[in-house]
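Now for the letters of each chain:
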Amino acid sequence: SAVISQKPSRDICQRGTSLTIQCQVDSQVTMMFWYRQQPGQSLTLIATANQGSEATYESGFVIDKFPISRPNLTFSTLTVSNMSPEDSSIYLCSATGVGNQPQHFGDGTRLSIL
Amino acid sequence: GENVEQHPSTLSVQEGDSAVIKCTYSDSASNYFPWYKQELGKGPQLIIDIRSNVGEKKDQRIAVTLNKTAKHFSLHITETQPEDSAVYFCAARSRDDKIIFGKGTRLHILP
């Protein structure tokens, strides 16, 4: 199965700043996704990262707040913009391999906003 | 859209006993049902999955059953061990290929 690496693994940020999270997959994948997991909660899909085009956002998430890039098949970034304490969460990257493979996850980025 | 309900939210079982987690889904078009295990500080790890053309699948101590008519599926862990303690999530792939998660079950294996 694909190995998914995220950077940074954790960060503490100041209110009003932005942070970009990187996701790298070690093999070609078809679809990449970004999720948010608030403490003790389930996973909520933020958006599907589309290669070479704008991401597809779920209800409640907008591009201005969570810009996403996917310049190639194996790399994507998520930016959390103008952060507030409510953005404190775990952000997870996931990917589906070629040939209808299962969806796998990285270990997440633990973000705290002061 | 798809909605996945999961029960119980917390489950404690004696080491060596079996654990069962149950989920229901709402969209009859969903055709793929993965289960994930999440340990502290880690991302969700796929432990078993089942497709809608199969009623049951087993992998060593873990089994999953699917009832398409009733739209529910279950995870069974036999001979539980301390390392089985974790949060387990069921999920369903919706008709637009998105994975929708249940709220999770925190499983405690008691010594």
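As the structure is a prediction and not an experimental result, all values here were calculated from the model. (Residues numbered from 1 in each chain as written. Chains lettered and ligands numbered in written order. Predicted model: local features only at pLDDT ≥ 70, side-chain atom pairs only at ≥ 80, totals over all residues. Heavy atoms only, no water.)

**Looking at the sheet that holds strand β1 (residues 4–7) of chain A**
All names here are of chain A.
In step 1: Taken in spatial order, the four strands line up as β1-β3-β8-β7 in an open sheet, and their pairing is antiparallel. With partners counted over all chains shown, the strands left at the sheet margins are β1 and β7 (68–72), one partner each. Neighbouring strand axes in the sheet, compared pairwise and without regard to direction, differ in orientation by 20° on average.
In step 2: Bridge count between β1 and strand β3 (residues 19–25): four bridges; the pairing is antiparallel. Residue Ile4 lies in a different strand from β3, and its bridge partner there is Val25. (Pairing = 2+ DSSP bridges. Helix = DSSP H or I, 4+ residues; strand = E, 2+ residues; numbered from the N terminus. Axes fitted to C-alpha atoms, helices over the stretch in contact; angles between N-to-C directions.)

**Points about the interface of chain A and chain B**
In step 1: The interface is formed by 17 residues belonging to chain A together with 18 residues belonging to chain B.
In step 2: Around 1,500 Å² of area is buried between chain A and chain B when both sides are counted, 50% of it from carbon and sulfur atoms.
In step 3: Our count for the chain A to chain B interface comes out at one salt bridge.
In step 4: A salt bridge links A:Glu58 to B:Lys98, with the shortest nitrogen-to-oxygen separation between them at 2.7 Å.
In step 5: Across the chain A-chain B interface, the total number found is seven residue pairs in polar contact (both at pLDDT 80 or more).
In step 6: Elements with a contribution of two residues or more to the side of chain A that touches chain B: β4 (29–37), β5 (43–49) and β10 (103–105) of chain A. (Contact = heavy atoms within 4.5 Å. Buried area = accessible area lost by both parts, 1.4 Å probe. Salt bridge = Lys/Arg side-chain N within 4 Å of Asp/Glu carboxyl O. Polar contact = N/O pair within 3.5 Å; in protein donor to acceptor, adjacent residues only side chain to side chain.)

**Considering the pattern of salt bridges**
When the charged atoms of two side chains with opposite charge come close together, those side chains can pair.
In step 1: If you walk through the whole model with that rule in mind, you get seven salt bridges over all chains.
In step 2: The shortest N-O distance in the salt bridge between B:Arg61 and B:Asp84 comes to 2.9 Å. One end of the pair, B:Arg61, is in the loop between β6 (56–59) and β7 (62–67); the other, B:Asp84, is in the loop between β8 (72–77) and β9 (86–93), and 23 residues separate them in sequence.
In step 3: Residue class for B:Arg61 comes out partly exposed when judged on its relative accessible area of 22%.
In step 4: For B:Asp84, a relative accessible area of 6% translates into the label buried.
In step 5: Through salt bridges with shared partners, a single network forms among A:Glu58, B:Asp96 and B:Lys98. (Buried < 20%, exposed > 50% of the residue type's maximum accessible area, 1.4 Å probe, protein only.)

**Let's talk about the environment of B:Ser26**
Residues and elements named next belong to chain B.
In step 1: You can see Ser26 is positioned in the loop between β3 (19–25) and β4 (32–38).
In step 2: Excluding residues that lie within four positions of it along the chain, Ser26 makes contacts with Gly1, Glu2, Asn3 and Lys71.
In step 3: In this structure the side chain of Ser26 is engaged in a polar contact, spanning 2.9 Å, whose partner is the backbone nitrogen of Asn3.

**Things to note about the packing of aromatic side chains**
All names here are of chain B.
In step 1: Within this structure, the stated rule accounts for twelve aromatic pairs over all chains.
In step 2: Each ring, one from Phe89 and one from Phe101, has its centre 6.3 Å from the other, and the planes form 85°; the classification is edge-to-face. Taken together, the positions of Phe89 in strand β9 and Phe101 in strand β10 (residues 99–101) put the pair twelve residues apart, joining distant regions of the chain.
In step 3: Judged by relative accessible area, which is 1%, Phe89 ranks as buried. (Phe/Tyr/Trp six-rings, centres within 6.5 Å; stacked < 30°, edge-to-face > 60°.)

**A look at the sheet that holds strand β1 (residues 4–7) of chain B**
All names here are of chain B.
In step 1: If you trace the five strands from one edge of the open sheet to the other, you get β1-β3-β8-β7-β6, paired in antiparallel fashion. Each having just a single partner strand, β1 and β6 make up the two edges of the open sheet. The mean inter-strand angle of the sheet, taken between neighbouring strand axes irrespective of direction, is 15°.
In step 2: As paired elements, β1 and β3 share four bridges and run antiparallel to each other. Within the sheet, the bridge partner assigned to Val4 lies in β3 and is Tyr25.

**Brief notes about the layout of surface pockets**
To locate leftover empty space, one rolls a probe as large as a water molecule over the atoms.
In step 1: One number sums up the size of the largest pocket: a volume of about 650 Å³.
In step 2: Lining the largest pocket are 30 residues, with A:Leu43, A:Thr44, B:Glu2, B:Ile100 and B:Phe101 positioned closest to its centre.
In step 3: As a volume, the second largest pocket reaches approximately 420 Å³.
In step 4: Contributing to the lining of the second largest pocket are 22 residues, with A:Gly40, B:Gln38, B:Leu40, B:Val87 and B:Arg106 lying nearest its centre.
In step 5: Secondary structure elements with two or more residues in the lining of the second largest pocket: β9 and β11 (105–110) of chain B.
In step 6: Ranked by residues supplied to the lining of the second largest pocket, first place goes to β9(B) with three residues.
In step 7: Of the residues belonging to the lining of the second largest pocket, the class tally is six nonpolar, eleven polar and five charged. (1 Å grid on protein atoms, 1.4 Å probe; cavity = no way out; pocket = protein on both sides within 12 Å on 5 of 7 lines; lining within 4 Å. Points joined across faces, edges and corners; volume = space filled by probe spheres on them. Nonpolar A, V, L, I, M, F, W, Y, C, P; charged D, E, K, R; others polar.)

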